Amino acid sequence: MSAGTGGQPDATRPPWPVRSAYLAAPGFEPVLTQELARRGAGELCWHGRLALSAQPPVASLWALDIWDAPQAHDVPSIKGAARIMRAIQRNWAGYAPMLHRRCALVSDALPPLRPKPFAFPATAPDAHLGAWTLLAPDRLLLSPTKSSPFVNGEVVFEENRTDPPSRAYLKLWEALLRLGRWPVAGETCLDLGACPGGWTWVAASCGAHVTAIDRSALAENVAGLPNVTCRYESAFGLDPQDCAPVDWLFSDIIAYPARLLALARRWIASGRAARIVMTIKFQGETDHETADAFAAIPGGHVVHLWHNKHELTFFWQREAS
């Protein structure tokens, strides 16, 4: 078989029982490898973008999906593989980095799973979903449960190719879909580092009033929306204590993670924002320590969205009083 990520062989038959598996986003296998080493996930055996471990599942910010209850089965036939999964549950998502034809035949023998692109606003699917792959023609790896409700962690939308000034809007669509809520009429939003206006466009399109903060001008079609106010100043120079409370604080600023962490902490301490959605962007090496510091903030969590690049997304919500 071909070499896996980091020069390790693909996982036809790992030399140990698989107790967890982590699916990397395309191109982010090295970053996930670094993180799993920090988490104590032990030796990894790669199967395409799927990292197999003999250790119990660990938390991961960078994995698109975590298979937390993997089982390996010898399967002499396609129908035999499908029979094993159908006996456990109905819904299965296949991951096929190899043996594509055989995997397709196994999928055909399972109940159909044909997810459609999401039309925003939308919420994440709530149907139970397992994951499976073929490690070899006669070797099935499955997990009845996994961390992501999406097939292989991929979130695909019916895109708007006309109105948004950049594709960054897809990140916020995905973030809000995962949250299960979005700005609505009567709510207020502050968009830090808003230019060219993709995130402002999302929030304004939902009906909320948005104050966009940036030294550069937004795209004309966004700046001209009736529920958008533009302020041409530095997002980092803005004192939260001088701001009116907002329902949503958004930030897709390009800045070093440590500086963004200080910004997030300042807004949380101020009590001026009810919810925060912030992109943590990495320049050069991945700053895992700062990413973990974001994840440790009470009320917050961090994920790698399908639409993220070399970045993570931080979510925070104030506890109800």
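One can find the structure itself at the top, above this paragraph.
Residues numbered from 1 in each chain as written. Predicted model: local features only at pLDDT ≥ 70, side-chain atom pairs only at ≥ 80, totals over all residues. Heavy atoms only, no water.

Colleague: Would you mind going over the sheet that holds strand E1 (residues 20-23) in detail, with residue names and values included?
Modeller: Read across the sheet, four strands follow the order E2-E3-E1-E4 without closing on themselves; strand pairing throughout is antiparallel. Only two strands of the sheet have a single neighbouring strand rather than two, namely strand E2 (44-47) and strand E4 (65-67). Ignoring which end each strand starts from, the neighbouring axes of this sheet average 25 degrees apart. Note: E2 against strand E3 (residues 50-53), four bridges, orientation antiparallel. (Pairing = 2+ DSSP bridges. Helix = DSSP H or I, 4+ residues; strand = E, 2+ residues; numbered from the N terminus. Axes fitted to C-alpha atoms, helices over the stretch in contact; angles between N-to-C directions.)

Colleague: An account of the pattern of salt bridges is requested, with residue identities and associated values reported.
Modeller: Taken as a whole, this structure holds 14 salt bridges when the rule is applied. With a closest N to O distance of 3.2 Å, arginine 39 and glutamate 35 form a salt bridge. With arginine 39 and glutamate 35 both in helix H1 (residues 29-39) and four residues apart, the pair spans about one turn of that helix. The salt bridge partner of aspartate 252 is lysine 171, with a shortest N-O separation of 2.9 Å. Residue aspartate 252 is found in the loop between strand E12 (248-251) and helix H7 (257-270), and its partner lysine 171 is found in helix H4 (residues 169-179); the two are separated by 81 residues along the sequence. Lysine 171 carries the same exposure label as aspartate 252, and that label is buried. (Salt bridge = Lys/Arg side-chain N within 4 Å of Asp/Glu carboxyl O. Buried < 20%, exposed > 50% of the residue type's maximum accessible area, 1.4 Å probe, protein only.)

Colleague: Account for the side chain of lysine 146, with residues named and values stated.
Modeller: With respect to the helices, strands and loops of the structure, lysine 146 is situated in the loop between strand E8 (139-143) and H4. Within polar-contact distance, the side chain of lysine 146 engages the side chain of aspartate 65 at 2.6 Å. Among the polar contacts listed, one links the side chain of lysine 146 to the backbone oxygen of serine 148, at a separation of 2.7 Å. Setting aside anything within four residues of it in sequence, one finds lysine 146 in contact with Asp65, Ile66, Trp67, Asp68, Leu129, Gly130, Ala131 and Asn152. (Polar contact = N/O pair within 3.5 Å; in protein donor to acceptor, adjacent residues only side chain to side chain. Contact = heavy atoms within 4.5 Å.)

Colleague: Which residues make up the layout of surface pockets, and what values go with them?
Modeller: One number sums up the size of the largest pocket: a volume of about 340 Å³. Lining the largest pocket we find 15 residues, and of these Pro115, Lys116, Phe150, Val151 and Glu154 sit closest to its centre. Considered class by class, the residues forming the lining of the largest pocket number twelve nonpolar, one polar and two charged. (1 Å grid on protein atoms, 1.4 Å probe; cavity = no way out; pocket = protein on both sides within 12 Å on 5 of 7 lines; lining within 4 Å. Points joined across faces, edges and corners; volume = space filled by probe spheres on them. Nonpolar A, V, L, I, M, F, W, Y, C, P; charged D, E, K, R; others polar.)

Colleague: Which residues make up the nonpolar core, and what values go with them?
Modeller: Core analysis: the biggest nonpolar cluster contains 45 residues, and Leu192, Trp267, Phe294 and Phe314 have the highest contact counts within it. Secondary structure elements with two or more residues in this core: H1, E2, strand E9 (188-192), H7, strand E13 (275-281), helix H8 (288-295) and strand E15 (311-317). For this core, the element with the highest residue contribution is H7, accounting for five residues. Apart from the residues within four sequence positions on either side, phenylalanine 314 is in contact with Ala264, Ile268, Ile276, Val277, Met278, Ile280, Phe294, Ile297, Gly300, His301 and Val302. Formed by 34 residues, the second largest nonpolar core is a distinct cluster that contains Phe118, Leu170, Leu176 and Val228. (Core = buried A, V, L, I, M, F, W, Y, C linked by side-chain atoms within 4.5 Å.)

Colleague: Outline H8, listing residues and values.
Modeller: All of the buried residues in H8 are His288, Thr290, Ala291 and Phe294. End-on, the buried residues of H8 take up no more than an arc of 165 degrees, which puts them together on one face. Looking at the packing, one finds that the buried side of H8 touches H1, H7, E13, strand E14 (300-303) and E15. (Arc of directions from axis to C-beta.)

Colleague: Could you give an account of empty space enclosed by the protein, with specific residues and numbers?
Modeller: Here the idea is plain: a probe the size of a water molecule rolls over the atoms and shows the empty space left. Tallied over the entire structure, the rule returns one cavity of 30 Å³ or more. When contributions to the lining of the largest cavity are tallied by element, the ones reaching two or more residues are H1 and H8. Looking at the lining of the largest cavity residue by residue, the classes come out as three nonpolar, one polar and four charged.

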